[in-house]
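# Descriptive structure summary
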Amino acid sequence: MTNTLHRFGDAESFRDDYVVFAIPSKGRNDKDSLPKLRRFLEIAIEFKPVNLGDARNGGALRPSRTLNPVAHWKRNVKPDFEAVIRGLAVPTTCAAVFDNRIAAEDFLKRVKEEDFGLSVNISTSVDGAEQCCAHACIARHSVGYSLGFEGKTEKLPNSQVLMLSTMCGHGMVSHSLAKKMIDWVKEGRRTPEAAASYLMRFCSCGVFNPSRAKRILEDARAKTR
Amino acid sequence: MKINPNKCVACGNCTYVCPMGAIYVDPVLKRATIDRDECVECYACYNGLSQEHLNPTMVRTLRRIFALMRVRFDPEPDVCPTAAFEPEELTWPRIVRRAFSDPRVPHESTGVEGRGTEEVKTNDVTGRVQVGEVGFTIEFGRPGVGVRFNEIQQVCWALAKAGVAFEKKNPITSLMTDVTTGTLGEDILGEKVMSAIVEIKVPVERTEEIIRLMWEIEKKLDTVVALGVGTRCDEHGEENIVAPILERLGYKLERAKTNAGLGRVNHSAIQRSTEAVNV
């Protein structure tokens, strides 16, 4: 799962994007890890994340199997963090997304104190992760760099579409829907917040950052590059 | 995946949410239709769209009336109004499409969701990439382009020819009929997936060679490639060996995934599994 590594954008564009995740390793520390993962998510809520999720069930805003038609006029767009914790049934990757460095730093520090014994990673700009680790007095163990996209890049859409769609690294947020949401915001048919919420529901592991998406959509309203 | 033509009302919402662009409204049938060759069975349509269970006849009638009046119905864009998507039972080899495209399905070979890899995310407990080593994650098809295995095959052959060993616990490796040559099973070569990751590990001195090799291979591919390079930090948490190589090659390192080193092996778990094997 490199789903948070290859987000499109420069380091500055990740100023409001910090994904902290805990991951059990199969056969090494996954047994008895479920309560620890739940606790990881519970603690995250104290630091006001913009999304929470697990790799099996998705994020804090999910599609409905039985949507009431009234939702077309009055849609619930409030993330349900408690539902994510309740729904966690098997050990899997759990993630908390923050839109500011301070919250991510403090959360990481707290996670270190809790000493879960699970692998914990932070995915953001190279400098941002260094600062978070320094704040928590953590010496980084390993680092995985993204070298970006290569090959037949002419098949890719413009940068604003890419910044939105790559926030679900599994590709569940399509380029077409991201482009449609930019267009709808430009036309005034939806607010950036509402448009971000549509995109967020497609991310199946809860690492989509609605705060960053809202900012990108607001920027795109004025100009699509 | 199938779309039930008796339920579909051709609202078009699903045509935008398909990451592969494989859904279109057929002008003759007047129903949303899936291009099966392009569909990667990612289930983004089925899992991502909220479902209403409206009466199809009623919805079609209303849509016709609105269209006659040139009134634009403006529903939520992430909804299938009649729950028209129906998963179908997949058989080999088509089933590999879903295994590599639907992130909720764990890979049988590794037990990991998503693309089935752990890379350096669990390096603090697996010790997979040691000091002086570099782990490459070579991901094909991402973002939103997709890839067929016959293209991945070309890369695996080239890497194997360069004397590179493939990561054993990796879904692509598990599909190889010969890991020494990087040969994949012939029956899957035409299958298309959302993305797939080849993992290799080399001594740090070979970093530049591997990247230059990838640059050459990428010219022949009809898809996109996302390279990830993972390595160990020193005892102070610093990494001053691989980053300079990458920067010298022209890469601007914008984003990284950092393993904080808080994980540890649960010895009782290892012991239990050893006991089970002994039994």
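Keep in mind that this is a model prediction, so the values were computed, not measured.

## Observations regarding the interface of chain B and chain A
Reports often express the size of an interface as the amount of accessible area lost when the parts come together. Counting from both sides, the interface comprises 85 residues of chain B and, opposite them, 78 residues of chain A. Those elements that provide at least two residues to the side of chain B that touches chain A are helix H1 (13-17), helix H2 (44-48), strand S4 (50-51), helix H5 (123-126), strand S7 (133-140), strand S13 (224-232), strand S14 (255-259) and helix H10 (267-278) of chain B. Take the side of chain B that touches chain A: its biggest share by element is nine residues, from S13(B). Across the side of chain B that touches chain A, the residue classes tally to 36 nonpolar, 27 polar and 22 charged. Across five bridges, strand S4 (residues 119-125) of chain A lies against S14(B) in antiparallel orientation. Counterpart to A:Ser125 in the pairing with S14(B) is B:Arg255.

## Section: the domain arrangement of chain B
All names here are of chain B. When cut into domains, chain B gives domain 1 (2-86) and domain 2 (107-278). Summarising the inter-unit geometry, the C-alpha centres of domain 1 and domain 2 are found 38 Å apart. Listed as interface residues are five residues of domain 1 and, on the opposing side, five residues of domain 2. When its residues are assigned to classes, the side of domain 1 that touches domain 2 shows four nonpolar, no polar and one charged.

## Considering helix H6 (residues 175-187) of chain A
Given a rise of 1.5 Å per residue, 13 residues ought to cover 18 Å, and the 18 Å separating the end C-alpha atoms of H6(A) matches this to within 8%. Close packing links the buried residues of H6(A) with helix H5 (159-165), helix H7 (192-202) and helix H8 (210-222) of chain A together with H1 of chain B. Positioned one or two residues after H6(A), A:Gly188 has a phi angle of 80 degrees, which is positive.

Definitions and limits used
- Residues numbered from 1 in each chain as written.
- Chains lettered and ligands numbered in written order.
- Predicted model: local features only at pLDDT ≥ 70, side-chain atom pairs only at ≥ 80, totals over all residues.
- Contact = placed C-beta atoms within 7 Å.
- Helix = DSSP H or I, 4+ residues; strand = E, 2+ residues; numbered from the N terminus.
- Nonpolar A, V, L, I, M, F, W, Y, C, P; charged D, E, K, R; others polar.
- Pairing = 2+ DSSP bridges.
- Domains from an automatic or database assignment.
- Expected span 1.5 Å × (residues − 1).

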